[in-house]
Amino acid sequence: MELENADTFRPALPERPAWPAVRKGLRHRCPKCGEGHLYKGYLKLRTECPSCGEDLSHARADDGPAYLSILLTAKVMGTLQLLVYETWQPEPWLLALTFCIGVTVMALALLPRFKGMIVGIQWAKRMHGF
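Residues numbered from 1 in each chain as written. Predicted model: local features only at pLDDT ≥ 70, side-chain atom pairs only at ≥ 80, totals over all residues. Heavy atoms only, no water.

## Observations regarding the state of the cysteines
Line of reasoning, step 1. Taken as a whole and judged by the stated rule, the model has zero disulfides.
Line of reasoning, step 2. Cysteine 52 carries a free sulfur, and the closest cysteine sulfur to it, the one in cysteine 49, is 3.7 Å from it. (Disulfide = S-S within 2.5 Å.)

So this is what it looks like as structure tokens:
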């Protein structure tokens, strides 16, 4: 019996554990070695790891990190805002000002961490050419 697409057969690649790659990504580190910085700037991914040379050019996090950041920030800050209002009943302008600052800081702090997490998952599951 002959295989129809014998020239496209590829051996199975060894499995990569996802959790260590996720933890490294959350720390803004290369999902392979955990040493090299993942970003050139705030959210700009490097094309390759400066430490181990792993190709990171295929990573595409797209809108996932923004969605997760907004979801978690809204849940935490919305609940906290309700608790603060019910407990101390501050002036509306003070409540709005403090929570605008808090929401902005929290969302901006979570965004690169979630992007690193998604890149780590993609690397571990060999998505997008890894």
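## Notes on helix 2 (residues 64–88)
Line of reasoning, step 1. Across its 25 residues, helix 2 extends 36 Å between first and last C-alpha, which sits within 8% of the 36 Å expected from 1.5 Å per residue.
Line of reasoning, step 2. Taken residue by residue, helix 2 has Pro65, Ser69, Thr73, Met77 and Val84 as its buried positions.
Line of reasoning, step 3. Positive backbone phi, at 45°, marks glutamine 89, one or two positions downstream of helix 2. (Helix = DSSP H or I, 4+ residues; strand = E, 2+ residues; numbered from the N terminus. Expected span 1.5 Å × (residues − 1). Buried < 20%, exposed > 50% of the residue type's maximum accessible area, 1.4 Å probe, protein only.)

## Considerations on the pattern of salt bridges
Line of reasoning, step 1. Tallying each qualifying case throughout the model produces one salt bridge.
Line of reasoning, step 2. Across the pair glutamate 54 and lysine 32 runs a salt bridge whose closest N-O atoms are separated by 3.4 Å. Linking glutamate 54 in the loop between helix 1 (18–26) and helix 2 with lysine 32 in the loop between helix 1 and helix 2, this pair joins segments that are 22 residues apart in sequence.
Line of reasoning, step 3. Judged by its relative accessible area of 13%, glutamate 54 is buried.
Line of reasoning, step 4. The class of lysine 32 is partly exposed, set by a relative accessible area of 43%. (Salt bridge = Lys/Arg side-chain N within 4 Å of Asp/Glu carboxyl O.)

## Observations regarding the side chain of lysine 115
Line of reasoning, step 1. Structurally, the position occupied by lysine 115 is in helix 3 (residues 92–124).
Line of reasoning, step 2. For the buried lysine 115, no salt bridge is present, and the opposite-charge side chain at shortest range is aspartate 62, 8.2 Å distant.
Line of reasoning, step 3. Within the local environment of lysine 115, its side chain forms a polar contact with the backbone oxygen of leucine 43, the two atoms lying 2.8 Å apart.
Line of reasoning, step 4. Setting aside residues up to four positions removed in sequence, lysine 115 forms contacts with Tyr39, Leu43, Leu45, Ala61 and Pro65. (Lys, Arg positive; Asp, Glu negative; His and termini not counted. Polar contact = N/O pair within 3.5 Å; in protein donor to acceptor, adjacent residues only side chain to side chain. Contact = heavy atoms within 4.5 Å.)

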